[in-house]
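If you want the building blocks of each chain, they are given just below.
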Amino acid sequence: MSNAPTLADITGQLEALEADAAAAIADAADAAALEQLRIDLLGKKGKLSGVLGAMGKLPGDQRPLVGQRANVLKAQVQGLLQERQTNLKQAAMEARIASETIDITLPASYRPPGHRHPLLSTTDDIVDIFCGLGYRVVEGPDIETDHYNFSALNIPEDHPARDMQDTFYLPGERLLRTHTSPVQIRHLEANPPPVRVIAPGRVYRRDAVDATHSPVFHQVEVLAIDEGLDFSHLRGTVTEFLRTFFGDLPVRFRASYFPFTEPSAEVDVQWRGRWLEVMGCGMVDPAVLEGMGLDPERWSGFAAGLGVERFCMVRHGIDDIRRLFTSDLRFLEQF
Ligand code: DAH
């Protein structure tokens, strides 16, 4: 039996197996490769079993030595497999963390804060002042009828006042309102006096665009109807409003004409040394009250109308109305 393996042969094989295993385990790239190694090394048909197959040919007293050695080897290989697996998992986790890192030192993307358009903040300020005087805000439609925009305001079809308020006409007798005054009529139709309202809104005229004209602009309408209102109430209210808005400036009333007020006035403020016309007003014409079914012997009132663009431009020293409508941030950011 010269080719029967000796104890030294088997021990040598076990040592070689151990060295190979250690190298292969260290090289294993992932969990699947490790599992394959485990099967190749320690499985039923694995290398360890192959070596131990020869054990039966050893003398009985040597077998336990081989068995012990094999057990130590097996435990060692298992330990290496376990350790490599832990390392691989750890490395995978570290790679993942590295790839998912968020750099919290990067500056956030900048979102410039917005703010109200100067026309809106001007409207808000005007509304606030009148609310403080006990007025409430009402609104009417941009698309009006000839009746509300003109006839009910004492502007019949052939009246020359219509020339100054040419507008955009729509099918079916409708038009884009030329002023906020029709809201007076709509409000009185639905609300018996006493009334105290303001009506801010967009209005339209067939105007060529230039530094002071725009086919679309904004007005605020004022209306107060009660028993015993006279011109002093109108004058006091308008003066109080203008002084609150512009500061303590000289205010003057000039006789004027509007079809829906009698008497009528235009109001100027002295702004930087010049008289500037800022609004129209007057006592509501008895013909308008009668048209609403109100007895002019009992009810009287005043009305006023102003252009928001004008107020905004005067307040901020803006010289061209078009700047208010072009949405140029270099301009708007100043307010
Ligand atoms: N509606 C007039 C316009 O747009 C402005 C106006 C004048 C309104 C006198 C009024 C008023 O209420 O009393 O030209």
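Visitor: Please set out the overall build of the protein residue by residue, giving values where relevant.
Guide: Counting its secondary structure elements, the protein contains eleven helices and ten strands. What you see for the protein is a C-alpha radius of gyration of 47 Å, clearly larger than the 20 Å of a compact globule of 335 residues, by over 25%. When burial is assessed residue by residue, the protein has 41% of its 335 residues classed as buried. In the protein, the share of contacts with a sequence separation of at least 24, taken over all contacts with a separation of at least 6, comes to 65%.

Visitor: Describe the site of the ligand, with residues and values.
Guide: Looking at the ligand, there are 16 residues lining it, with His179, Ser181, Arg205, Gln219 and Glu221 nearest. Glutamine 219 is positioned such that a nitrogen or oxygen atom in its side chain is 2.9 Å from an oxygen atom of the ligand. Separating an oxygen atom of the ligand from a side-chain N or O atom of glutamate 221 is a distance of 2.6 Å. Here the ligand has 360 Å² of accessible area as a free molecule, and 92% of this is covered by the chains. For the shell around the ligand, the elements supplying multiple residues, two or more each, are β6 (216–227), β9 (274–284) and β10 (299–307). For the shell around the ligand, the class distribution of residues is five nonpolar, nine polar and two charged.

Visitor: Any details on the sheet that holds strand β1 (residues 136–137)? Residues and values, ideally.
Guide: Spatial ordering of the open sheet is given by β1-β5-β6-β10-β9-β8-β7, a layout of seven strands whose pairing is mixed. Each of the sheet's edge strands pairs with one partner strand only, and the pair in question is β1 and β7 (251–258). As defined by bridge partners, β1 adjoins strand β5 (residues 195–204) across two bridges and the pair is classed as parallel. Of the residues in β5, the one forming a bridge with arginine 136 is valine 197.

Visitor: I'd like a rundown of the side chain of aspartate 320, residues and numbers included.
Guide: Summarising the element assignment, aspartate 320 is placed in the loop between α10 (308–316) and α11 (329–332). We classify aspartate 320 as buried; its relative accessible area is 16%. Not counting the four nearest positions on each side in its chain, aspartate 320 is found in contact with Asp210, Ala211 and Met313.

Visitor: I'd like to hear about the pattern of salt bridges, residue by residue, with values.
Guide: Per the stated rule, a full pass over the model turns up 19 salt bridges. Close ionic contact of aspartate 226 with arginine 196 constitutes a salt bridge, the shortest N to O distance being 3.8 Å. Separated by 30 residues along the polypeptide, aspartate 226 in strand β6 and arginine 196 in strand β5 bring together distant segments of the chain. Looking at arginine 196, the relative accessible area reads 34%, which means it is partly exposed. The closest approach of N and O atoms between glutamate 227 and arginine 298, which form a salt bridge, is 2.9 Å. In this pair, glutamate 227 sits in strand β6 while arginine 298 sits in the loop between α9 (286–291) and β10, placing the two residues 71 residues apart along the sequence.

Visitor: An account of unusual backbone geometry is requested, with residue identities and associated values reported.
Guide: Here proline 193 and proline 194 are connected by a cis peptide whose omega angle stands at 5°. Topologically, proline 194 is positioned in the loop between α7 (182–190) and β5. Residue proline 263 follows glutamate 262 across a cis peptide bond; omega there is -5°. Relative to the helices and strands, proline 263 resides in strand β8 (residues 261–271). Phi is positive for glutamate 173, which is not a glycine, with a value near 65°. On the secondary structure map, glutamate 173 appears in the loop between β3 (169–170) and β4 (174–176). Positive phi values are uncommon outside glycine, yet serine 327 reaches one of about 55°.

Visitor: Describe in detail the domain arrangement of the protein, supporting the description with residues and values.
Guide: Looking at the assigned domains, one finds that the protein contains domain 1 (7–99) and domain 2 (118–332). Computed from C-alpha coordinates alone, the two centres of domain 1 and domain 2 are separated by 97 Å.

Visitor: Before we move on, can you summarise the packing of aromatic side chains with the specific residues and values?
Guide: Each aromatic ring pair is summarised here by two numbers: the centre-to-centre distance and the angle between the ring planes. All chains considered together, the criterion is met by eleven aromatic pairs. An angle of 80° between the planes, with centres 5.3 Å apart, marks the rings of phenylalanine 130 and tyrosine 135 as edge-to-face. Classification of phenylalanine 130 as buried rests on a relative accessible area of 1%. When its relative accessible area of 5% is taken as the criterion, tyrosine 135 is described as buried. Relative to phenylalanine 311, the ring of phenylalanine 245 has its centre 5.2 Å away and its plane inclined at 70°; by these criteria the two rings are edge-to-face. Note that phenylalanine 245 is positioned in helix α8 (residues 231–246) and phenylalanine 311 in helix α10, a separation of 66 residues in sequence. Arginine 186 extends its terminal NZ or CZ atom over the ring of tyrosine 148, reaching a point 4.0 Å from the ring centre. Over the aromatic face of phenylalanine 245 sits the side chain of arginine 315, whose NZ or CZ is 4.0 Å from the ring centroid.

Calculation rules
Residues numbered from 1 in each chain as written. Predicted model: local features only at pLDDT ≥ 70, side-chain atom pairs only at ≥ 80, totals over all residues. Heavy atoms only, no water. Helix = DSSP H or I, 4+ residues; strand = E, 2+ residues; numbered from the N terminus. Rg over C-alpha atoms; globule rule 2.2 N^0.38 Å. Buried < 20%, exposed > 50% of the residue type's maximum accessible area, 1.4 Å probe, protein only. Contact = heavy atoms within 4.5 Å. Near = heavy atom within 4 Å. Polar contact = N/O pair within 3.5 Å; in protein donor to acceptor, adjacent residues only side chain to side chain. Areas by Shrake-Rupley, 256 points an atom, 1.4 Å probe, with all protein chains shown as cover. Nonpolar A, V, L, I, M, F, W, Y, C, P; charged D, E, K, R; others polar. Pairing = 2+ DSSP bridges. Salt bridge = Lys/Arg side-chain N within 4 Å of Asp/Glu carboxyl O. Domains from an automatic or database assignment. Phe/Tyr/Trp six-rings, centres within 6.5 Å; stacked < 30°, edge-to-face > 60°. Lys NZ or Arg CZ within 6 Å of the ring centre and 35° of its normal.

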